[in-house]
Amino acid sequence: MSELKEQLSLLGRSTEYKQDYAPEVLEAFDNKHPGNDYWVRFNCPEFTSLCPITGQPDFAEIRISYIPDVKMVESKSLKLYLFSFRNHGAFHEDCVNIIMKDLIKLMNPKYIEVTGLFTPRGGISIYPYANYGRPGTKYEQMAEQRLMNRE
């Protein structure tokens with residue numbers, strides 16, 4: 001357990017909320033089952049960001065699903081990271097792709113997908129989806145297949 005505490009600096013400490021986009025708060029820990037393929041899913045039903053044009057808030061549920069390899073994202077750091085978007089100006093599609101790319105950089109998962117279920121603005125809902133499968137593996141094929149079969 002002390003080894004895990006050395007890897008994670010946020011868990012069990014007082015929380016400092018960043019005022020803008022902060023990928024540096026993301027932390028990872030070792031997957032105890034790297035030989036197994038299994039899903040990890042996070043739902044963030046209270047995600048907020050700002051419209052980069054109007055500065056008005058946008059609200060969404062962000063869904064992150066991934067198949068880990070060696071590293072996994074620590075949930076408190078993910079919460080603080082997602083919270084850091086609240087004053088960040090980015091379009092819905094940008095938010096989803098930025099989140100996915102930051103998590104790929106952090107963990108190098110076998111597969112990951114991120115969906116944003118943004119609440120309507122002007123009568124239109126936007127649900128951007130991005131995914132990634134490790135190149136040259138069955139996960140790359142899985143990513144292509146899941147992308148092509150989206151509704």
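Located above this text is the structure these notes cover.
Residues numbered from 1 in each chain as written. Predicted model: local features only at pLDDT ≥ 70, side-chain atom pairs only at ≥ 80, totals over all residues. Heavy atoms only, no water.

Attention shifts here to the pairing of strand β3 (residues 57–67). In terms of burial, β3 is largely enclosed, as 8 of its 11 residues are buried. In terms of strand pairing, strand β2 (residues 40–50) meets β3 through 9 bridges, oriented antiparallel. When the bridges of β3 are listed, T48 appears paired with F59. The loop that links β2 with its antiparallel partner β3 comprises 6 residues; one of these, G55, has a positive phi angle of about 80 degrees. Relative to strand β5 (residues 111–118), β3 runs antiparallel, the two being bridged by 8 bridges. Looking at β5, one finds that I64 is bridged to V114. (Buried < 20%, exposed > 50% of the residue type's maximum accessible area, 1.4 Å probe, protein only. Helix = DSSP H or I, 4+ residues; strand = E, 2+ residues; numbered from the N terminus. Pairing = 2+ DSSP bridges.)

Another aspect to go through is the environment of E61. Inspection of the secondary structure assignment puts E61 in strand β3. The spatial distance from the C-alpha of E61 to the C-alpha of E46 is 6.0 Å, given a sequence separation of 15 residues. Excluding residues within four positions of it along the chain, E61 makes contact with N43, C44, P45, T115, G116 and L117. A polar contact of 3.0 Å, which involves the side chain of E61, links it to the side chain of R63. (Contact = heavy atoms within 4.5 Å. Polar contact = N/O pair within 3.5 Å; in protein donor to acceptor, adjacent residues only side chain to side chain.)

Once that is clear, we can look at the nonpolar core. Core analysis: the largest hydrophobic core is formed by 31 residues, its most contacted members being F47, I62, I64, L78, I99, L103 and I112. For this core, the secondary-structure elements that each account for two or more residues are β2, β3, β4 (71–73), α2 (75–83), α3 (92–107), β5 and β6 (129–133). Residue contacts for I99: discarding those within four places in its chain leaves F47, I62, I64, Y81, L82, F85 and V114. Membership of the second largest hydrophobic core comes to 6 residues, among which are I67, Y111, Y129 and Y139. (Core = buried A, V, L, I, M, F, W, Y, C linked by side-chain atoms within 4.5 Å.)

With that out of the way, let us pick up the packing of aromatic side chains. How two aromatic rings sit relative to each other is set out by the distance from centre to centre and by the angle between their planes. Per the stated rule, a full pass over the model turns up 7 aromatic pairs. Aromatic side chains F47 and F85 sit 5.4 Å apart centroid to centroid with 50 degrees between the ring planes, which places their arrangement in the tilted category. Of this pair, F47 sits in strand β2 while F85 sits in the loop between α2 and α3, and the two are 38 residues apart along the sequence. Comparing F47 with F85, the two get one shared label, buried. Directly above the aromatic system of Y129 lies the positively charged group of R150, at a separation of 3.7 Å from the ring centroid. (Phe/Tyr/Trp six-rings, centres within 6.5 Å; stacked < 30°, edge-to-face > 60°. Lys NZ or Arg CZ within 6 Å of the ring centre and 35° of its normal.)

These figures capture arrangement, not role.
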